Amino acid sequence: MKNSTQPNADIVWHQHAVDQAARAAQKGQQPVLLWFTGLSGAGKSTLAGALERALFEAGFHTYLLDGDNVRHGLCKDLGFSAADRDENLRRVGEVAHLMVDAGLLVLSAFISPTRAERDAIRCRFAAGRFIEVHVSTPLAVCEARDPKGLYQKARKGEIRDFTGISAPYEEPLAAELTIDTSKGDLNTQVQALLDYLSALEVIPSTRLQASV
């Protein structure tokens, strides 16, 4: 039986008449994936959500993929073993790849603890289409926040292989952006992200100014 992870030679990518460039031009933006990575409680979802709101209000076309949300459907059959976590991120990366092809500004918020996992997703995208955002909030701050009570459970041994406590987190070596949410306020952090996207010409600065 052929390994299902190997590509079938009879399956080829169909080139549609409407391509990524046409979809991007229609939306007036350059599609990218912003990959927010960091410890639990670092503020990934909060930061990504605030950025999406700012982009949406400025008229841009976005979608936010969140770690908890994808486990309600796309990845509901997966557990939390190392293999299942890898598969969870692989699926998310593939969905994000399709969304970027659709011309969207895609935001994702996942711990994604290993560089190998993140690099594997980066490799699926053309140069400049993957932007890694390291939410570098210190462990002590994340643990003090503990919004889901997970650190407390991990300290008691009720959760095995918990990133930052009983399992490692490999910090990015060359993230495009690094943001510590314990420093400054949310609006300033979102503005830094908007300025970065504008500087790359992912989004036109004129549309941002018009929305203010």
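The chain is annotated in an unreviewed UniProt entry as Adenylyl-sulfate kinase of Shewanella chilikensis. Turning to the chain, the UniProt record has this under Catalytic activity (unreviewed entry): "adenosine 5'-phosphosulfate + ATP = 3'-phosphoadenylyl sulfate + ADP + H(+)".

Engineer: Is there a simple way to think about the side chain of Arg71 in this case?
Structural biologist: Position of Arg71 among the secondary structure elements: in the loop between α3 (67-70) and α4 (82-101). Judged by relative accessible area, which is 18%, Arg71 ranks as buried. Within the structure, Arg71 has its side chain in polar contact with the backbone oxygen of Leu78 (distance 3.1 Å). Here Gly79 takes part through its backbone oxygen, which lies 3.1 Å from a polar atom of the side chain of Arg71.

Engineer: I keep staring at the environment of Leu74 and nothing clicks. Help me out?
Structural biologist: Residue position: Leu74 is located in the loop between α3 and α4. On the accessibility criterion, Leu74 (39% relative accessible area) is partly exposed. Sequence-wise, Leu74 and Asp10 are 64 residues apart; in three dimensions their C-alpha atoms are separated by 26 Å. Ignoring any residue separated from it by four or fewer positions in sequence, one finds Leu74 in contact with Arg91 and Val95.

Engineer: Please explain helix α8 (residues 186-199) as it appears in this structure.
Structural biologist: The α-helix winds at 3.6 residues per turn, so residues separated by three or four positions along the chain end up facing the same way. The terminal C-alpha atoms of α8, which comprises 14 residues, lie 20 Å apart, in line with the 20 Å expected from a rise of 1.5 Å per residue. Listed as buried for α8 are Gln189, Val190, Leu193, Leu194, Leu197 and Ser198. For α8, the side-chain oxygen to backbone nitrogen distance between the N-cap and Asn187 is 3.1 Å, and the N-cap itself is Asp185. Phi for Glu201, located one or two positions after α8, is positive at around 65 degrees.

The rules behind these values
Residues numbered from 1 in each chain as written. Predicted model: local features only at pLDDT ≥ 70, side-chain atom pairs only at ≥ 80, totals over all residues. Heavy atoms only, no water. UniProt positions renumbered as here; feature names shortened; annotations may be inferred. Helix = DSSP H or I, 4+ residues; strand = E, 2+ residues; numbered from the N terminus. Buried < 20%, exposed > 50% of the residue type's maximum accessible area, 1.4 Å probe, protein only. Polar contact = N/O pair within 3.5 Å; in protein donor to acceptor, adjacent residues only side chain to side chain. Contact = heavy atoms within 4.5 Å. Expected span 1.5 Å × (residues − 1).

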